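Report on the structure
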Amino acid sequence: MTEKDSCEITSIQSLIGCTGRRWIMGVISQLEERQFYLEDLTGAVPIDLSNAKITSGFFVENTVIVAEGELLSNGIFQVNTCGFPPLEDREASLSLLMGLDFFGGGVIPTEETLRLSSLENKAVNDMFVILSDVWLDSAETMEKLAVVLDGYDSVEVVPSLFVLMGNFCSRPCNLAFNSFEELRLQFGKLGEMIAARTRLKEHSRFLFIPGPDDAGPSKALPRCALPKYLIEELQKHIPNAIFVSNPCRVRFYTQEIVFFRQDLLYRMRRSCLIPPTTEETSDPFEHLVATITHQSHLCPLPLTVQPIIWNFDHCLRLYPTPHTIVLGDRSEQKAFKYTGITCFNPGSFANDSTFAAYRPCTKEVELSALES
C-alpha cells in the first residue's frame, strides 16, 4: 500500500522473477483438474487460497478477484488476502458513460430526467407486489393467491404492478412432462381469477417471468418468455398481461429495477471454493448480494454449472448498478440494502406462503406472509 491508499496491480506475465508482495487481478479458472488458476489477459498462474483472508462474498470459479500475495519458488502464487474489485457508484458510472444506453429503453435527456424525477417523488401510492413460485397446478397455492388478490382488491389504492415469477408448475417442464394442455387451462383459470377482481384488472399491470423449470427451449440463461401456446387462454381474460424474459428490467420513472428468478443461493454455496468469511456477516443472502454486485453480473457461475447464451450475456450484467435487484429464490425471504442498492428475495409463495411488497418511491420493502 502506498501513501495514497492505492495499490499497483502487477500483470501475471510480469510476476516471473518478481519477489515480495504483489497485487494481481484476474478471473478464477480451473485450467486443469483440481488446480485453480488466476488468469488475466497476459497469462495464468496457479493459486493457493487455503490460508487466504477474504472479504464478504462467494468465491467461485469464474469470479474476478483482486489478490495480494507472493509467487513461491514452485510457481504457485500464495494468496494472503483477496477480495472482489471495488464497486463503482452508479452516478460515477453514468457520468463517464453519458450518451450510452445500457438499459435498452433509449437515452433520456437531462430535462426529461428532471421531469421524471419530480413525477417519481409524487408517486407515493405506487406499489409492486412480487410473488415467486406460483404453482398453478396446486389447489392450495391457487387458494392462497386468491386470498392475496382479494386483500389487494379491497385496499384504497390497488398495487400498480403484480410480478408473478415461476416456476408456474410444481413439476419441472422437461421432456418427461406431458401435461402442457392442462397447464394451458390452468393459466386460463388464473386469468379468470384476476378478471373477477375488476379493480385489479382495470388499474393493475401483471408481469410474468419464467422460472428455471418452466417450459422453454433450454435451461440456458437468459430465458425467453413463456411459450405463446401456454398463455393464450390467460390473455383472453387479461389482454394487457406482460410476458417477459428472465432476467427482466423495469424502469419506474428514473429508477432501474432488475427481476431475476433463479435458485442462485444454493448453487453459489455448492460451487464455493472456500467457506465465506463470518467477520462482516454470516448471512448467506448478504454474501450473495455482495458477490453479484461486485461482479456486476447476475450469475457469475462457471458454464458447467449454469450455461449462458453467450450472445446475450449482456442481459445478465449489472453495470451501471441498478437501484433495486429482486432475486426470486426458493430460499428464505430476505431484504438487504448494500451500498445503496436495495436487494430482496420474496421467498417461495408455494412452499412458505411468502411474498413481498415494494414501494419504489421510498425503496421500502415489506416482506409479507399469509398466516397458516
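Note on numbering: residues in each chain are counted from 1, in written sequence order. Local features in this predicted model are restricted to residues whose pLDDT is 70 or higher, and side-chain atom pairs enter the listing and the counts only when it is 80 or higher, whereas totals over whole chains, interfaces and linings include all residues. Excluding hydrogens and water, the side-chain values take into account all heavy atoms of the structure.

Some details on the overall build of the protein
Strands are runs of DSSP state E lasting at least 2 residues, helices are runs of H or I lasting at least 4, and numbering of each runs from the N terminus. The helix and strand inventory of the protein stands at nine helices and 17 strands. Its C-alpha radius of gyration of 23 Å places the protein within 12% of the 21 Å reference for a compact globule of 372 residues. For the protein, the spread of C-alpha atoms along the three principal axes comes to 75 × 55 × 40 Å. By the burial criterion, 50% of the 372 residues in the protein qualify as buried. Shrake-Rupley sampling with a 1.4 Å probe provides the accessible areas, and residues are treated as covered by the protein chains on show and by no other component. For the protein, the computed accessible surface area is about 18,200 Å², with 52% contributed by carbon and sulfur atoms. Across the protein, 32 positive and 47 negative side-chain charges occur, with their mean positions spaced 4 Å apart. The globule rule used for comparison is 2.2 Å times the number of residues to the exponent 0.38, while the radius of gyration itself is calculated over C-alpha atoms. Classification of residues uses two cut-offs on accessible area relative to the type maximum, computed with a 1.4 Å probe and protein chains only: under 20% is buried, over 50% is exposed, and between them is partly exposed. All tallies of charge rest on Lys and Arg as positive and Asp and Glu as negative; His and the ends of each chain are not included. The atom standing in for a charge is NZ when the residue is Lys, CZ when it is Arg, CG when it is Asp and CD when it is Glu.

Examining the packing of helix 4 (residues 180-195) against helix 6 (residues 228-237)
Axis separation between helix 4 and helix 6 bottoms out at 7 Å; the angle between their running directions is 20°. When the interaxial angle is binned, helix 4 and helix 6 end up roughly parallel. Between helix 4 and helix 6 lies a crossing whose hand is right-handed. Between helix 4, through Phe180, Glu181, Leu183, Arg184, Phe187, Gly188, Leu190, Gly191, Glu192 and Ala195, and helix 6, the contact on the second element is made entirely by Tyr229, Leu230, Glu232, Glu233, Leu234 and His237. Classification convention: Asp, Glu, Lys, Arg as charged; Ala, Val, Leu, Ile, Met, Phe, Trp, Tyr, Cys, Pro as nonpolar; all other residues, Gly among them, as polar. Classifying every residue of the contact of helix 4 with helix 6 by side-chain character gives eight nonpolar, three polar and five charged. The angle between two axes is taken between their N-to-C directions and runs from 0 to 180 degrees, where each axis is a line fitted to C-alpha atoms and a helix contributes only its stretch in contact. We call two directions roughly parallel when the angle between them is under 35 degrees, roughly antiparallel when it is over 145, roughly perpendicular when it lies between 65 and 115, and oblique otherwise. Left-handed describes a crossing whose near helix is turned anticlockwise from the far helix by less than a right angle; the clockwise case is right-handed. Note on contacts: a residue pair qualifies if any of its non-hydrogen atoms lie within 4.5 Å across the two residues.

Observations concerning the pattern of salt bridges
Pairing is possible between side chains of opposite charge, provided their charged atoms come close. In the sections that follow, a salt bridge refers to a side-chain nitrogen of Lys or Arg positioned within 4 Å of a carboxyl oxygen of Asp or Glu. In the structure shown here, the tally under the stated rule is 16 salt bridges. Across the salt bridge formed by Glu256 and Arg90, the nearest N and O atoms sit 3.6 Å from each other. With a gap of 166 residues between them, Glu256 in strand 12 (residues 255-261) and Arg90 in helix 1 (residues 90-96) connect regions that are remote in the sequence. In this pair, the class of Glu256 matches that of Arg90, namely buried. Asp313 is paired through a salt bridge with Arg317; the nearest N and O atoms lie 3.2 Å apart. Several salt bridges share partner residues, and in doing so they unite Asp133, Arg261, Asp263 and Arg330 into one network.

Regarding the packing of helix 7 (residues 264-271) against helix 8 (residues 284-295)
The angle between the axes and the distance between the axes are what describe a pair of packed helices. Relative to each other, helix 7 and helix 8 sit at 85°, their axes nearing to 10 Å. Our classification of the angle between helix 7 and helix 8 gives roughly perpendicular. Contacts from Leu264, Leu265, Met268 and Arg269 in helix 7 reach Pro284, Phe285, Leu288, Thr291 and Ile292 in helix 8. Of the residues belonging to the contact of helix 7 with helix 8, the class tally is seven nonpolar, one polar and one charged.

Section: the sheet that holds strand 15 (residues 341-345)
Spatial strand order, 11-12-13-15-14: five strands in an open sheet with mixed pairing. In this open sheet, the two edge strands, each paired with only one partner strand, are strand 11 (248-252) and strand 14 (334-338). For this sheet, the mean inter-axis angle between neighbouring strands, taken without regard to orientation, is 15°. For strand 12 and strand 13 (residues 324-328), the ladder comprises five bridges, and the chain directions are parallel. Paired with Arg261 across the bridge in strand 13 is Gly328. Set on the sheet, helix 8 makes contact with strand 13, strand 14 and strand 15; between it and strand 14 the angle comes to about 45°. DSSP bridges decide pairing: two strands pair if at least two such bridges lie between them.

Here we look at the pairing of strand 5 (residues 64-71)
Bridge analysis of strand 1 (residues 22-32) against strand 5 gives six bridges, and the strand direction is antiparallel. If you follow Ile24 over to strand 5, its bridge partner there is Ala67. Pairing analysis gives six bridges linking strand 5 to strand 6 (residues 77-83), with the strands arranged antiparallel. Counterpart to Glu70 in the pairing with strand 6 is Gln78. Between the end of strand 5 and the start of strand 6, which pair antiparallel, lie five residues, with Gly75 showing a positive phi angle near 90°.

Looking at the domain arrangement of the protein
A common measure of how large an interface is: the accessible area buried when the components associate. Source of the domain bounds: an automatic or database domain assignment. Per the domain assignment, the segments making up the protein are domain 1 (9-83) and domain 2 (90-262 + 306-369). The C-alpha centroid of domain 2 is placed 38 Å from the C-alpha centroid of domain 1.

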